Each structure stands twice: as C-alpha cells, then as structure tokens.
Amino acid sequence: MLADSTAQRVFNRHSGAFRIGHRSYIQQFAKFYSVRLDALKPLVLASAQKKWSSRASCTAKVLNVERSQLTYIAGTVFIESAGKPSTLVTEVRSAESQVLLEDESGRIQLVGKFVDGSVFVSGTVMAALGRETSGGEFEVIDVCYAGMPPQPPRTGNQTRSWHSYLASMSTSEQPVTLEMQALAEYLCGCAGSSETQENVSRIAQVVVAGNLVDMPPAPVGHAEDSKANDRAPMQQLVGQLDEYLADIAASVPLTLMPGKHDPTDLALPQQPVHPSMFPKSLQYSTFRSITNPGWLHVDGISMLGTGGQNIDDIAQYALNDVTKCQMAAKSLSWRHIAPSAPDTLWCYPFTDSDPFILTETPHVYFAGSQDEFEAKIAEGREGQKTVVVMVPDFSKTAEIVLLNLATLQCTTVQFSVGV
Amino acid sequence: MPPNSQTSDTKRKTDVTDFHVSSHQPSRQSSQNKRSRLQKAKSQAGDILVDEDVEMDAPVDFQEELMQLEQTTGPVADPSAAWPRPTARVLNTDVDSLVFQQMEIDEEYGADQSFVTARLFGVTEEGNSVACFVTGFSPYFYCPAPQGFAAENIPQVVAQLNQLARRAPGNLGGGKHDPVLSVELCMKESLWGFHGNVKAPFFKITVRHPRMVAPVARIVKDGFHIQSIGQHASAPFESNIEFILRFMVDTGIVGASWVELPAGKYHVRKGTPSTHCQYEVEINYKNIIAHEPEDEWAKTAPLRILSVDIECAGRPGVFPEAEHDPVIQVANIVTVQGSKQPFIRNVFTLDTCAPIPGSQVLSFQDEAELLVKWAEFVRECDPDLIIGYNTTNFDLPYLIDRAQALSAHDFPYLGRMRGVASKVSTSRFSSKAFGTSDSKVINIEGRCQFDVLQAMRRGGFALRSYSLNAVSAKFLGEQKEDVPYSIISDLQKESAETRRRLAVYCLKDAFLPQRLMDKLMFLINNIEMARVTGVPFNYLLTRGQQIRVMCQLFRQTIKQDLVVPVVDSQGDNNQYEGATVIEPKRGFYDVPIATLDFASLYPSIMMAHNLCYTTLLNKATIERLSLVKDVDYTVSPSGDCFVKSGRREGLLPYILKSLLGARKKANANSVYGFTGALNGKLPCLQISSSVTAFGRIMIDQTMHEVEKKYTVENGYAHNAEVIYGDTDSVMVKFGVKTLDEAMDLGKEAAEFVTTKFVNPIKLEFEKVYFPYLLINKKRYAGLYWTRPEKWDKLDTKGLETVRRDNCQLLPLVLDTCLNKLLIDRDVTGAVEYVKSTISDLLQNKIDLSMLVISKQLSKTDYAAKQAHVELAERMRKRDAGSAPQLGDRVPYVIIRGPKNARAYEKAEDPIYVLDNNLPIDTTYYLEHQLTNPLTRIFEPILGDKVGTLFNGAHTRTIHVSAPTSGALSKFMVKTKTCLGCRAPLRKDDKDKAVCKHCAPKLPEIHMRHMDVMREMELRFSRLWTECQRCQGSLHQEVVCNNRDCPIFYMRRKAQKDAEEQAETMERFDYDW
C-alpha cells in the first residue's frame, strides 16, 4: 500500500517550501541575491531604525555614504577570502579576509575594532552603523539584522509526546551496524527497562536527519559509465536499509531527510530520495521522505531541520566563529538558514524567491550529522522561542537525541554494543 | 547477531545536564551588556541565546565609540587640495646648492637655431620639481687631421668649413650664424684596431646645432681645402652619437641619477616661467656635478607616478575611433614612489556619476571640458611618470586625438614646458632582442612615459597572453573582469548608478598597472638599469639594447682619448657560424647527468682573450710593430688576431668586468651581440666570430678533457660520457648511480677543466639532471637538482608549453606526462594517462577551453586562407557587433566538417560550438596537436612501441555530439531510449525512465544519473560563484568576456550540461 499523499500534505503544510519543480540553469546567481536583498533589506532597516534612529540617519545605498557623517547602511555581507574553493587557483594564498557590504550600487569594505571582533557570514543581509574613512572604507561601530520572524503559537497537546532525531546512520561498507540494530529494537519498544519502554511508547516521530547512507563519490567525468561507476552495490545496500527502515516505520512514524552523502542532489535544497529506493518503507503510511531543508509539524509543534550542510558551511567560512549551535541560533535572527549559499554552499539558482529566508520562527530548529550534540534556546525580541539542536552523527557517536515536545528539552540516548 | 541483552540504553542523561552541554561562557553579545545576562538568569532552560536585536539600548562601549567618532568628525577636506606638490622653499643661490634626481633629459633650441640647451627635469628629495637649463654645451665630432697640419691654420679651416656649409643644401643656420663654432687640434686614437698605442692628430669640430653635425661631417668626408696641404678628405668620427648622449657622456651624468648645482654656480630664472616646475634654474655645463649612483646617491627621490586608464563609448562592432567615439571616463591613481597607498584616487566622468567611497568623482556634462580639466589636473599634480596599460598606443593618443576632434584647444598641454603641445606621431621600432613593432610616440616634455604593457613585453616572461587580464592573473594572482565594449556604452547611457559601476571598473584598471609595477619592481629595476648602462630612463622602453652598449662604450673612450669611427649600416644580418652543439645521444637517462656550465661564456671569452676593437690587429700592423704570435698577440680560432692585455687592455673587457660586477648579466651578453650586429652602430665580425669560435673549441675541449680523465683506466668506476653539449654547457654521464657521487664528480670535473682555460673563464658545476630525457638538440626535459636532498624543479627546453597557437590541452598533457615520468618515475602511469586523455578526447569529454586555439587578426592580407581570418569573416556575417576586430585574438576550435573540407573551413567560434552542440574534430586534435609532441617525449622511452599510445582499444569508443542546428539536425528524430541500456522504449514504457528489462535496476540507474546531476550542480555552482567573486559583485550579472580565462567556456558548458541533465532527471519523476 502506498502512502496517502493527500494526508501528507495536510500533515506537513510546508512540504512545498523546498521543492524545486521544473529546473532551469540558464540563469546566474545574481537574481537569487537580489531577491534575498529585496526581501530582507526592509526588515533589516526597520530593525536598524528602531535601534539607531536617535543617533543617525540611513544612507539608501552603500556607495552613497559621505565622509565623516555618522550613518547606517544595509546590504549583503560578503567575506573576501583566498581560502574559498576555486577552479583556477589551486594553491591557497594568504588567508587575510575582508568583510564587505554590498547592494546593487556596489560594495564597501567594513573596518574597525567592531568588525575584528564580530561574527560575519557571507550572504547575510545586515545593517551597519558607522562612517566612511578617508580611504573609502566604512568604520563600523554596530550592526543589526532583521531579527527572528513571527512565531505562530503552539497548538495541540504535546504532554505525552517525544520526538527523536538520528543522523548519518550508515556507511557504505556495513549496511546495518549492531548499534543500528540496537536502535531499531529500542524504537520498537523491544529493549531496555520498563521505564524506557514506557518512554519509547510515547515517541511521536522519528527523523533521520541526513546521511542515511554514505555514498562514495562517483569518478569525475565518468559518472554515467556503469563500469567506472558501478552503483549495483549501493542499490543492494539501500535495499537492506529499506528493510531496516520499514521495520521501524511499522512501529513509529518515520521521516527521512537527505544529507550530503545521500543519493539525491548535491546542491540545496536536496530533493527527497527517489521513491524507487524505498519500496518496502513506502508501504507504510507512517514513512515519509522529505527535502533538506524541510519542515515538519508534529503535534502542533513546527520544526525546521537540515542535514547539517548549511551549518557546517557557515562555520567553515565565517569570520570569527562561535559554536555551531550558536551559529544556527544566530541564523534565526538573520532570518536566513543558508546565507552562504550559493557562494560556498552549493544550491539551485533560484530567481523568483529565496526559500531559505525564514518567514516564521519554528519551535524547533535542528541540524543533522554534527560532531557532537549541542542544544540551546534562542529567544526573539517578540518572545519567540526556538530550541536549536545539533544532532550528532550516529555512525560516530551512536547517540540519538530525544526531544520532549511538552517541555522542549533534549536528552541524548547512547547505544553501546559490547562484543 | 548478538542477543538483545547486550544492548543497553546506557547513560540516560538528566535534562539539566543535557542542557548544559554547551559552554557556559557568556557569548559575545551577552557579555556586551547586562540585560542579556539578566534574562539568562531568569531562564529555566539553562543556556539561552538571546536574539541580539532585542537590544534597543546601545552597549556601553558603543556609546564611547560613538562619542569618539563624533569628536573626530570634522569638515570634509576638498580632495583636490591633495593635488599640488609640497610648497618649495625660496632658494638663496649664493648659499643653497640645488640637488635633484633627474628623470628626463632633452634639448631645446635657441632663437634662429643659434644654440642648443640641454634640459634636465627632476625632483628634489623634498618632492619639489625642478627644470634645469644647462647652457654652453655644443655638439661636436672628430676627423683625422692631415700630417703636418699647423695649428695657426685653424681659422682658415673654420672659415673654409663655414663657407662650404653655407652652400650646402638646406642653408644651414639660415645665413645668420656660422654653423661651425670652432675647430681644435687634438691628439686622439681611433677605437678601431691596435696602433701601437700611438696617438694621431684629430680635428675636433664643434657646431652650433645638433642638426648641423651630419651636414658638416659630410663636407669633411667629401673633402675641403687646407692651406699648404691641399684637398683633405677624411672619415668623420663620433658624428652619429645623439646630442643628449653626447651631453651625458661628457658631463658624466647617467640615466635617472642625482645631480648637484653648487651654490653660487647657478641662478634662478627670472621673468615669466617657461615651465610648470617649481624651480626653474640655469647653469653652465661645466659647473654641474654628476653624482655617481653609489652609496648615498643610490637613493630614489619621491617621484610622483600617475597611473591612468580611460573608457570610451564605442559603437557596436567598431573599435573606438577618436573621430567619433567619446571619452566617457578617465580614472587616475597617483602614488609617491615608495609608499604603499596612492594619495590621489579620482575619476573624471562624462555625465553624472554616483559617489564612490575613497575616490573623488569629477563629473562633466561637456566632454571637451572634461578633457581640459583633466589636463589641468595633470599639470597641477605634476607627475614625474605617467604609467598605464597600453597607454602609449591607446589611452594617451586617444585623448589627444579626441581633444582635437572636439576642438578642445586648451587640452594638449600635458608636459612641463608651458605652451608646448603634446602631439602624436608614429614610429617603427626594430630591435633584435625586442622585435619589430609600430608604436605611437607622444611628446610630454619633462615627464617619463612608462607603459607597463611595453615593460611586460620586454620583461622576458614569455607569456601566452599580455592582456591586462592575463598579466594580472599571472602576477597578482587574480583574474580581471573584462567588461565587453557593447556593455560599456549601455552602462554609460543608463544612470548615475550604472556610470558608477563603470567608474569603479575604470579605477580598478588604473590601479592595476601601479600594482604590477610595484610587484615586479619595474621602476626600481629600470632606474638601476639606466644608471648602470648610462642611458636616459626613457630609452629603456623606447630603444633597443645596442644604444645601451654604445653609450657605455663612449663613456670609456672619452677617458682614454679614443675616438669612435662611424660605420655605415651593412644591411641585413648575415649568418656567421654560430655556437656549437655536440650531437645529442638521444634517450631517457635514468642515471644522474651532471651539467657543467661556463659562467657568462661569451663575456668571459672576450675578457680572457682581450677581444676588443682596440686590440684588433691586421697583418700590416703586426709586421710594422714586429709583434710575436702568442707572446704579443693571440690568434683566435677564426684566424683573427688581437694583442694581449700586456700590450693594451681592451675596452670591451673592461666594460664587461664592470657589468658582471654589477650583476648585469643580460647586458654583458648584449655586448657580444653588439659586435655581431651587422646593421648596428659598430659591427666587428672579427670579434664576434672569434668569440663563437673560441666557444666551440672550448665545448669540444671540455668534452675531451672529461672523457679523457674520467675513465676506468684512471681508476674511476665508469667511463664518463658527454651525451650533449650546447653553447655554454655540457651534459656528462659519469655512470654513477647516486646524486651525491654525480655532484662530487661534477664539482671536481668543473674545477679540473677550468684549470685548462685562461682566466676568467670558469667552468661551473651547477646542477644534475636526474632523470633526464634528451629528445633532440635544444629539446630536453629533466628533474633539476642542486643538492641531493630535494629536487629544485622540473626543467624543460624547447617543448611546446607556451606557444599560443597550440590548444591548452597540449601543455597540460605534456606537463602531466613529464611529471609522471620524471618526478613520479611512473612510465606505466604516464602511458595510462595519455591513453585515458586520448580516450576522453575521442569521447568528447575534454573541456572545450582546453581545445581553444587562438590567433591574432592582423592587418596584413594573407595570401593563403587562414582559419582564424575566415572564421572572423563568417562571424561578421552572423553578427557584426560581436565579431572580432583587427588586432583581436580570434579563438576557435576545429569541428568536424564534410569529407575533404579544408582546415580553414573547419574552424569555429567556441561559443557557437557550445550553443549548437557542434561535434569537435577530435581526430584533428589527436593527429595535429598531440601526436608529434607526445611521440617526441615517449619515443626515447618506449622506442618502437610509441605507436601504441595512439592506437588500440582506448581509441575505439568515439562519441560525436548531435548538432542541434545545421543541415544534419533536421533529419534527426529523437526517440526516447531507456536510461539504463539505451534501447528505444516501447509504446507502453515510453513515459518511463527505463525499459522492462532494466526495471529491477532502476535504483542503481537512478543513482548513476543522479551522480551526473550532482557533478553538474557542483560545476555550475563553483564556476558561477567564482566568476561572481572575481567580478567583485553578487548582485550584478556576470558579463565578463575574458576569453583568456578558462572559466569563460567552462561556465557556459556547465549551464548547458546542467540544463540537459535536469531534463533527463525529470524522466524519473513519473507517478509511483
């Protein structure tokens, strides 16, 4: 029996947010940045006005700043750095980075003590307060972002439900590890103490947050060649995982979100893994395959999740970094979950809208395939509250995260298998 | 499977601890203020991150900074205030001497051409500009005086010469003034030949005006009457030296050097200034002090450098012409030599332009006004150097021509002389070292013009391209956005915002030449070169090598009472026997090959054997002076005789010694070239052929000495073998297996052989090649070692690496093969690599940019039809606007054509090829581009089997793309095929991705296609984001047209491939 697609749509009202549909590649990325700037700049300026209007006025375009006048400007942040991937330059040159603020008029370099000590990520839309230096740079004393978007209230009764996350379960060599087996038994309520089994019976949703498989990369230029790129072993492996997932889906609702190494697109948003790979799981209406990033709604709680690539990329190329969890929390106030796309985070060249812009604040925001578990609460100025969770890589830590939907508190469960 | 009991849900962490996993350190934003800490305390959830924009109150340090900012905020200074030079203090000429670095020397003529004044332009250490007029110096030349001439007859000679000169064509001096000022009798010796160190009487004939030298010299040559002697005709000496060089030689001033005007010996000019310089002074040439450029005087003055770039709004398809197309922007960057940052950045724009932070924008509605104001700016900031990229042949002439077209008569006064207009003329420059080219010449008195493009061309870099793009990529490590001409006009027309975009681009282009000059130390090196060779700074870019040697020669002859004969140019260069080459023993040597080099071979031969004009002997002299062979003189292997240094020390050896001392090796080598250049100023084949003859013998002798000494007989492990020798080096196989042994033997052999030669000839051991691939004469490759621990580089000679008429695939394949063969020593790997590359080529998998060939479209009509000319014509018919113009490089690829199609018919525009999926003629690339060069490097290794590289299984799969346009495409019907096995799909499967047979393998097939899609997504994203980064803008479309950049074709292909693959992927999206 196939899953009821109508029911799914009702269940997950954001399912279309990250669907690409018919694709075109004749366009460039400029339009994508423009729609992002157009959407976020008014919000950023509104925040900026509240924060600074008593001291300074706004200059509409970054290149219009006038020497010696305190003012604020808004635009897209860009970090110029030699360390970014390049087709032309193979050797890494000096790692000196510059922070620039750009709009349709051009770009201006941001300098000053404030800049040296703050976190900046390419692609975020930001306002900066300061003034032009004699060298034509902009000396910054404060910055501001759009802030977290509105948050719909929780609905429904979550008193009894738990939510569980997993990530990066499998390697390409060993299809179902002992730890995975243990996990399946745990989720099916067949293991542990009676207290544990009682807790498990309350699980409302299990999410595989990316990297179900770890697909070895195809040889460049020869991916189509069935000899050079034999995917038969992968088909077999995925078949075994399908059985494994079907077993779980038989007991609890299961959502599969792709990650960096899964057999779907490389660029964000990754589309759901092709249904031909999960014939057994798909027989259960409890099994769903979604996009990365993707939205879920469980018992009246809205959740936004990613396979982790967005957070990894932000952390890799940010100027002055903080922990990944802090980065993820910050991105809520940037109102953008993948600002470094397309610069260093590969993504589809959107032209009409930027799907990575946050229009509502989720109750839960998670990222998969992380080195270690971390959780925080991010609060917005209008009382928005989001639990931000870094979900550890199961293949490395054998840990899953349990989220109590009533209290929005997290716990981890680790599986260790003795030999 | 272990039993369940082994599983344990261990470690159920408590809620609290879990929430405290993350750090307790206050985050940056919370540390900045108290409120967030407060909220944190209130929170029950533990670590809370507060949305930073909650903060409406500014943090404390923010307030402080704000106050600081407000305090320092002052009135904005007018950027134009930075233009003028620092104020010059008033000179008290009785007390103050005036010291300055001269950068430009020229001459001016007095009224009626009655006298000549030398002008020195330069800068003091304080940064004040100086124009120094040097009086009293007149041009002169020499000729032999008759034996027995009595000094009292000199007035008669002067009168006689003046009389003849007045009758000469051109009426010298306009009849008012006598051309000849004076005749002196002096004892001199001709430079040419050894005369037993005996001087002879010469007339020194001084004339009024540089232009009078040649006519008076002609009179002397034709003969004139001398009282009591009769008709006297004699060859003129030194009548062909330019006045400025004559002046500099006689006063001892070298190029770009410091001069001093001592207190009391000069005066400040009174009255209306004739220049734009801050000091205008006059001095007699006898009083000027020339400082040798050493110690204190090796310094450089704070020279002002103006780097300029202009933009023109051309019409579609036509290169801008000054007659029609306006100058829309002029960007200027002014830097003081030695400081890292420019102190003036501005742009003159036609029509309004939105502001640019850090740069001054000067907007004009009237183009003529723009030009005139720019000229005023140039005079006000008063640069010592004007630089740019192709400024000599484009920007400066265009500005001058454009001003003329607009009748902006106040414009062309760019020099330091008031009232002297700059004009454009054309000159043909021809030099053995630098080639022949037509060049524009613009007079800008008192300012040096230094076109960085010309400096690049002369820099000996051997680049594939000298475009500003290519050069910036190479030396500054950044690609440069290339905005197409058509877009420039659009940007100009649209708005103040788009004009700003253009201005930012223009400023960047004005800054690049300055950055290149700094990076490559062009200014410092050229100042050094002018000082060593003695020529004026501007000769370095506008003149050849010979004039530098000539100048050094004159500086020596004047000290030794020698006079230089005038030798008529002997037309084209005849070939005389060149350097020797020991026949190479071709092969692949997997043992160390030691290389013994003669250090500066030709200069040291000239020094060792005292080869010079002054030491050259003829038979008559030998007999007259009873000279003894090998005691008094040397006979060179070419049969020419030169006296030994005991009799007379040659002048050229002396010059060479000082050049080598100053480490100017290239200049030392040009001395030899000077003696051999038949069309030069002073060719002397006896010297040049003696040099090469000595060289040949020495190479041979080295070979024999080495092979004689290093033998098994003499106790060495192996017999040494010289496998190759060329010009100044020999390659020796000592037979030893290790680098250490080879290096020890190499050192020993070099020392041993050196003892066999005359000092200062020195054989040096420099390097070992290991392994070494000797392909042919002047063609080899080897791994280069100077110490046994680590190799230095892969060295190649004569292999196809930089030639532009090859496609880039060739150097890539050659380099990779040589790396594998010589560094990895992996013959199998190299062979596999070649085979897979050929296989990729035949299957159409090589990136198109690798296959692009380019040739310049030049003026000349070609007799034979040429691919790029024909293509340019075809492109013009398709779209005149985007077709290549004269002077452009035409990039093309070779596509498949009908059978028997000529090569020139198969050339096609790469973009057209991509857009229409035209099939590449891969066999052409295999046969005409790869086969021969690859055969050459693999033959020594594979021998007869080299053919297997190009034939065999790897050449059997050929993929030809199906064109989407053209005659053939009309007949093709697309049927849907199975994405697994390519079998045509039957009716009931036609909406599916795969056939029934492949259905069970659908996941696997989908994964493979997804792998392709992933690759396309990656390429698309990487290439287009890299172009965004390079153009320095995220919000503007990439419009760059830089075809030298490999990404240009790749990114177009990436779009097409991604588009196609996305279409294929959609076939998997049917209902499940």
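Residues numbered from 1 in each chain as written. Chains lettered and ligands numbered in written order. Predicted model: local features only at pLDDT ≥ 70, side-chain atom pairs only at ≥ 80, totals over all residues. Heavy atoms only, no water.

- The name recorded for chain B in an unreviewed UniProt entry is DNA polymerase, from Linderina pennispora.
- One UniProt comment on chain B, placed under Sequence similarities (unreviewed entry), says "Belongs to the DNA polymerase type-B family."
- According to the UniProt record, the Catalytic activity (unreviewed entry) comment for chain B reads "DNA(n) + a 2'-deoxyribonucleoside 5'-triphosphate = DNA(n+1) + diphosphate". (UniProt positions renumbered as here; feature names shortened; annotations may be inferred.)

- As annotated in an unreviewed UniProt entry, chain A carries the name DNA polymerase delta small subunit and comes from Linderina pennispora.
- One UniProt comment on chain A, placed under Sequence similarities (unreviewed entry), says "Belongs to the DNA polymerase delta/II small subunit family."

## Details of the packing of aromatic side chains
To describe a pair of aromatic rings, you give the distance between the ring centres and the angle between the ring planes.
Residue and element names in this part refer to chain B.
Thought 1: Under the counting rule described, the total for this entry stands at 41 aromatic pairs over all chains.
Thought 2: With centroids separated by 5.6 Å and ring planes inclined at 75 degrees, the aromatic side chains of Phe 137 and Phe 247 adopt a geometry described as edge-to-face. Here Phe 137 is found in the loop between strand E5 (129–135) and strand E6 (140–144), whereas its partner Phe 247 is found in helix H7 (residues 243–251), with 110 residues between them in sequence. Phe 247 carries the same exposure label as Phe 137, and that label is buried. (Phe/Tyr/Trp six-rings, centres within 6.5 Å; stacked < 30°, edge-to-face > 60°. Helix = DSSP H or I, 4+ residues; strand = E, 2+ residues; numbered from the N terminus. Buried < 20%, exposed > 50% of the residue type's maximum accessible area, 1.4 Å probe, protein only.)

## Topic: the nonpolar core
Thought 1: Leu 385, Phe 450, Met 456, Tyr 613 and Phe 734 of chain B are the most contacted members of the largest nonpolar core, which has 105 residues in total.
Thought 2: Residues within four places of Tyr 613 of chain B in sequence aside, it is in contact with Leu 191, Trp 192, Gly 193, Phe 194, Leu 553, Leu 652, Phe 674, Thr 675, Leu 682, Cys 684 and Ile 687 of chain B.
Thought 3: In terms of nonpolar packing, the next biggest core, distinct from the first, is built from 57 residues, Met 148 and Leu 358 of chain A together with Cys 995 and Ile 1005 of chain B among them. (Core = buried A, V, L, I, M, F, W, Y, C linked by side-chain atoms within 4.5 Å. Contact = heavy atoms within 4.5 Å.)

## Description of the pairing of strand E8 (residues 200–207) of chain B
Residues and elements named next belong to chain B.
Thought 1: Of all eight residues making up E8, seven are buried, and the element is well covered by its neighbours.
Thought 2: Bridge analysis of E6 against E8 gives five bridges, and the strand direction is antiparallel. The partner of Phe 141 across the bridge, within E8, is Ile 205.
Thought 3: Pairing of strand E7 (residues 180–190) with E8, which is carried by eight bridges, proceeds in the antiparallel orientation. (Pairing = 2+ DSSP bridges.)

## Some thoughts on the environment of Ile 290 of chain A
Thought 1: The residue Ile 290 of chain A is located in the loop between strand E10 (287–289) and strand E11 (294–298) in this model.
Thought 2: Along the backbone, Ile 290 of chain A and Val 273 of chain A are 17 residues apart, and their C-alpha atoms lie at a distance of 7.8 Å.

## Notes on the sheet that holds strand E11 (residues 258–261) of chain B
Residues and elements named next belong to chain B.
Thought 1: Strands sit in the order E12-E13-E5-E4-E3-E11-E14 across an open sheet of seven strands; the sheet is mixed. Of all strands in the sheet, those bounded by a partner on one side alone are strand E12 (266–268) and strand E14 (289–290).
Thought 2: Packing against the sheet, H7 makes contact with strand E3 (98–109), strand E4 (116–123), E5 and E14, and its axis sits at approximately 145 degrees to E3. (Axes fitted to C-alpha atoms, helices over the stretch in contact; angles between N-to-C directions.)

## A short note on helix H7 (residues 309–317) of chain A
Residue and element names in this part refer to chain A.
Thought 1: Here H7 lies mainly inside the structure; seven of its nine residues are buried.
Thought 2: For H7, the full list of buried residues reads Gln 309, Asn 310, Ile 311, Asp 313, Ile 314, Ala 315 and Tyr 317.
Thought 3: Packing partners of the buried residues in H7 comprise strand E2 (71–80), strand E12 (301–306), helix H8 (324–334), strand E13 (364–370) and strand E15 (385–392).

## A look at the pattern of salt bridges
Thought 1: Applying the stated criterion across every chain, the model contains 53 salt bridges over all chains.
Thought 2: Members of the salt-bridge network, linked through shared partners, are Arg 85, Asp 382, Asp 384, Arg 416 and Arg 447 of chain B. (Salt bridge = Lys/Arg side-chain N within 4 Å of Asp/Glu carboxyl O.)

## Looking at the sheet that holds strand E28 (residues 633–635) of chain B
Residues and elements named next belong to chain B.
Thought 1: Spatially, three strands are ordered E27-E29-E28 in an open sheet, and the strand pairing comes out antiparallel. Edge strands, defined here as strands with exactly one partner in the open sheet, are strand E27 (616–617) and E28.
Thought 2: Examined bridge by bridge, E27 and strand E29 (residues 641–643) share two bridges and lie antiparallel to one another. Residue Leu 617 lies in a different strand from E29, and its bridge partner there is Cys 641.

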